[in-house]
Amino acid sequence: MADNTYNETVEPEKMEWAYKKEEFLDTVIKHEGGYVDNPLDPGGETKYGISKKQYPKLDIKNLDIESAKEIYRKDFLPSAETNYGKNEFAFKMADIGINAGPRMATEIMQRSLNTLARWNSIEGIDLDEDGLMGAGTRKAYNKVVSNPDNKKQLMTLVVSNQNRYYAGEEFNTKTISKEQVAEFGKGWKERASYKGEG
């Protein structure tokens with residue numbers, strides 16, 4: 001007979017993380033809003049952050065909230081958890097990935113890690129800022145966040161670099177236009193302040 005004894009140490013942690021993920025998804029839906037079809041949006045027709053460009057076979061206009069959340073659960077959160085762990089960075093970087101694209105999110109992290117390494121004289125971190133997630137970026141991230149002070153500084157830098165991207169500063173992966181900054185800049189700035197919690 002199977003042992004169905006409740007595991008008091010593991011199960012509450014799993015439940016807490018599952019709850020936080022649902023909170024995050026609610027935050028994403030709030031950030032993204034409902035149906036839009038703005039010609040300045042490179043994603044084209046979009047609803048709850050799900051774009052026709054990325055999901056061409058979806059009926060975007062009739063997409064419901066739960067279906068959008070399920071896409072985020074399957075296509076965005078697993079890689080964020082793998083790359084950053086089950087913490088606020090997973091949510092922060094997933095949110096950037098949803099809005100700006102996963103590769104742009106990775107470049108923002110790479111730039112932030114390189115800057116922090118220079119500031120704090122952390123040896124062994126000199127990443128190519130190419131937006132490609134690999135073992136080197138993961139190793140540098142894990143090295144930095146093992147120090148609580150560095151971890152806090154890293155989040156501040158990620159927010160700062162996200163704002164720089166939204167302001168139209170040049171990045172290797174892509175740079176947004178002045179027209180896009182004028183159209184979306186205010187909302188993007190508010191979004192950048194999100195730190196993966198609450």
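Anything mentioned here points back to the structure above.
Quick caveat, the model's predicted, so the values are computed rather than measured.

Draft legend 1. Looking closely at the layout of surface pockets. In this structure, the largest pocket encloses a volume near 790 Å³. Taken together, 29 residues form the lining of the largest pocket, with Asp 41, Pro 42, Gly 43, Ile 98 and Asn 99 sitting closest to its centre. Secondary-structure elements contributing two or more residues to the lining of the largest pocket are α1 (11-32), α4 (88-100), α7 (148-166) and α8 (178-192). Tallying contributions element by element places α8 first for the lining of the largest pocket, with six residues. Residues that form the lining of the largest pocket fall into these classes: 10 nonpolar, 13 polar and six charged.

Draft legend 2. Spotlight on the pattern of salt bridges. Per the stated rule, a full pass over the model turns up 12 salt bridges. Linked by salt bridges that have partners in common, Glu 22, Glu 66, Glu 70 and Arg 73 make up one network.

Draft legend 3. Layout of the packing of aromatic side chains. Applying the stated criterion across every chain yields a total of 10 aromatic pairs. Ring geometry for Trp 17 and Phe 91: centres 4.8 Å apart, planes at 10°, overall stacked. Of this pair, Trp 17 sits in helix α1 while Phe 91 sits in helix α4, and the two are 74 residues apart along the sequence. The exposure classification of Trp 17 matches that of Phe 91, with both residues buried. For the ring pair Tyr 72 and Phe 76, a centre distance of 5.5 Å and an interplane angle of 65° mean the geometry is edge-to-face. Of the residues examined, Phe 76 reaches a relative accessible area of 7% and is grouped as buried. Taken together, the aromatic side chains of Tyr 165, Tyr 166, Phe 171, Phe 184 and Trp 188 make up a single cluster linked through ring pairs. Its end group placed over the ring of Phe 171, Arg 111 keeps NZ or CZ at 3.8 Å from the ring centre.

Draft legend 4. How the structure looks around helix α3 (residues 77-84). Looking at α3, one finds that the buried residues are Leu 77, Ala 80, Glu 81, Asn 83 and Tyr 84. On its buried side, α3 packs onto α1, α2 (65-75), α4, α5 (102-120) and α6 (135-145). Following α3 by one or two positions, Gly 85 adopts a phi angle in the positive range, close to 90°.

Draft legend 5. Seen up close, the nonpolar core. The biggest cluster of nonpolar side chains holds 30 residues, and the ones touching the most others in it are Phe 89, Met 109, Leu 113, Ile 125, Tyr 141, Leu 154 and Tyr 165. Elements with a contribution of two residues or more to this core: α4, α5, α6, α7 and α8. In terms of residues, this core owes the most to one element, α5, which gives seven residues. Among all residues touching Leu 154, those that are not within four sequence positions of it are Phe 89, Met 109, Ser 112, Leu 113, Leu 116, Tyr 141, Val 144 and Val 145.

Draft legend 6. Molecular detail of the side chain of Asn 38. For Asn 38, the location among the structural elements is in the loop between α1 and β1 (46-47). Among the polar contacts listed, one links the side chain of Asn 38 to the side chain of Glu 183, at a separation of 3.0 Å. Sequence-distant contacts of Asn 38, defined by excluding residues within four places in its chain, comprise Glu 183 and Phe 184.

Draft legend 7. Inspection of the side chain of Asn 150 at higher detail. Turning to its location among the elements, Asn 150 is positioned in helix α7. Sequence-distant contacts of Asn 150, defined by excluding residues within four places in its chain, comprise Leu 116, Asn 120, Ile 122 and Val 144.

Rules used in this analysis
Residues numbered from 1 in each chain as written. Predicted model: local features only at pLDDT ≥ 70, side-chain atom pairs only at ≥ 80, totals over all residues. Heavy atoms only, no water. 1 Å grid on protein atoms, 1.4 Å probe; cavity = no way out; pocket = protein on both sides within 12 Å on 5 of 7 lines; lining within 4 Å. Points joined across faces, edges and corners; volume = space filled by probe spheres on them. Helix = DSSP H or I, 4+ residues; strand = E, 2+ residues; numbered from the N terminus. Nonpolar A, V, L, I, M, F, W, Y, C, P; charged D, E, K, R; others polar. Salt bridge = Lys/Arg side-chain N within 4 Å of Asp/Glu carboxyl O. Phe/Tyr/Trp six-rings, centres within 6.5 Å; stacked < 30°, edge-to-face > 60°. Buried < 20%, exposed > 50% of the residue type's maximum accessible area, 1.4 Å probe, protein only. Lys NZ or Arg CZ within 6 Å of the ring centre and 35° of its normal. Contact = heavy atoms within 4.5 Å. Core = buried A, V, L, I, M, F, W, Y, C linked by side-chain atoms within 4.5 Å. Polar contact = N/O pair within 3.5 Å; in protein donor to acceptor, adjacent residues only side chain to side chain.

Nothing here speaks to function; it is all geometry.
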